[in-house]
Amino acid sequence: MRLPALRQQSLGGSVRYYSPVASVLLLAPLALLLIGLFAYPIGRLLAASLWDPSFTLVHYRRLFAEPLYLAILLRTIRIAALVTVAALVLGYPLAYVMARARGWRATLLAACVLVPLWTSVLVRSYAWTVLLQRNGLVNTLLRRLGIVDEPLQLLY
């Protein structure tokens with residue numbers, strides 16, 4: 001099935017602009033996947049917790065009444081917000097550069113993004129340990145630049 005393009009523009013590659021109907025048709029499979037695998041299970045879990053035959057809000061009240069639970073909830077929200085902002089700050093410029101790059105530069109940028117996804121968690125964890133230990137690459141660089149006098153404890 002060929003979707004109608006409104007116009008095509010050449011920037012060293014091709015950029016297509018689709019009609020709103022075609023855009024919705026292109027996004028529909030992703031939307032259905034997200035609804036089916038994310039929104040529906042979360043909604044069912046929430047519904048089951050609220051419309052249980054022995055319905056009570058004691059667990060929700062405890063979540064907001066206990067200082068420990070509230071602190072963990074707020075910390076989780078804060079970390080999620082920081083990670084989201086960091087991903088946007090790092091991701092959008094990189095995506096912009098990748099969209100504009102051509103030839104070997106595009107290949108290099110794609111490799112830099114995809115190679116970490118191919119490595120195992122164990123290898124990545126070991127690499128972070130090597131980088132962040134007291135005599136690791138990060139501490140050595142910080143000391144040589146004169147930013148710190150003593151090695152920082154970046155692990156544990």
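Residues numbered from 1 in each chain as written. Predicted model: local features only at pLDDT ≥ 70, side-chain atom pairs only at ≥ 80, totals over all residues. Heavy atoms only, no water.

Notes on the overall build of the chain
Point 1. Of the regular secondary structure elements, the chain holds six helices and two strands.
Point 2. In sequence order, the secondary structure elements of the chain are arranged as β-β-α-α-α-α-α-α.
Point 3. By principal-axis analysis of the C-alpha atoms, the chain measures approximately 60 × 60 × 25 Å.
Point 4. The buried share of the chain, reckoned over its 156 residues, is 7%.
Point 5. In the chain, of all internal contacts separated by at least 6 residues, the share reaching a separation of at least 24 is 10%. (Helix = DSSP H or I, 4+ residues; strand = E, 2+ residues; numbered from the N terminus. Buried < 20%, exposed > 50% of the residue type's maximum accessible area, 1.4 Å probe, protein only. Contact = heavy atoms within 4.5 Å.)

Details of a nonpolar patch on the surface
Point 1. Taken together, the side chains of Leu94, Val113, Leu114, Val115, Leu117 and Trp118 make up a nonpolar region of the molecular surface, amounting to roughly 570 Å² of accessible area.
Point 2. When residues in the nonpolar patch are grouped by element, the largest group, five residues, is from helix H4 (residues 104-118).
Point 3. Within the secondary structure, Leu114 sits in helix H4. (Patch = residues over 30% accessible without salt bridge, like charges linked within 9 Å, V, L, I, M, F, W, Y side chains within 5 Å. Areas by Shrake-Rupley, 256 points an atom, 1.4 Å probe, with all protein chains shown as cover. Salt bridge = Lys/Arg side-chain N within 4 Å of Asp/Glu carboxyl O.)

Some thoughts on the side chain of Asn139
Point 1. Structurally, Asn139 is set in helix H6 (residues 137-144).
Point 2. A distance of 2.9 Å separates a polar side-chain atom of Asn139 from the backbone oxygen of Leu152.
Point 3. Beyond its immediate stretch of four places on either side in the chain, Asn139 contacts Leu132, Gln133, Arg134, Pro151, Leu152 and Leu154. (Polar contact = N/O pair within 3.5 Å; in protein donor to acceptor, adjacent residues only side chain to side chain.)

So, the packing of helix H3 (residues 67-100) against H4
Point 1. Axis separation between H3 and H4 bottoms out at 9 Å; the angle between their running directions is 140°. Viewed along their axes, H3 and H4 adopt a mutual orientation that is oblique. Contact residues: H3 offers Leu94, Val97 and Met98, while H4 offers Leu109, Ala110 and Val113.
Point 2. Split into classes, the residues belonging to the contact of H3 with H4 amount to six nonpolar, no polar and no charged. (Axes fitted to C-alpha atoms, helices over the stretch in contact; angles between N-to-C directions. Parallel < 35°, antiparallel > 145°, perpendicular 65-115°, else oblique. Nonpolar A, V, L, I, M, F, W, Y, C, P; charged D, E, K, R; others polar.)

Remarks on unusual backbone geometry
Point 1. A positive phi angle is found at Tyr156, which is not glycine, with a value near 60°.
Point 2. Take Tyr156: it is sitting in the segment after H6.

Some remarks on the environment of Leu132
Point 1. With respect to the secondary-structure elements, Leu132 resides in helix H5 (residues 121-132).
Point 2. Since its relative accessible area comes to 18%, Leu132 is described here as buried.
Point 3. Remark: the alpha-carbon pair of Leu132 and Leu155, spanning 23 residues in sequence, is separated by 6.4 Å.
Point 4. Setting aside its immediate chain neighbours within four residues, Leu132 contacts Val138, Asn139, Leu154 and Leu155.

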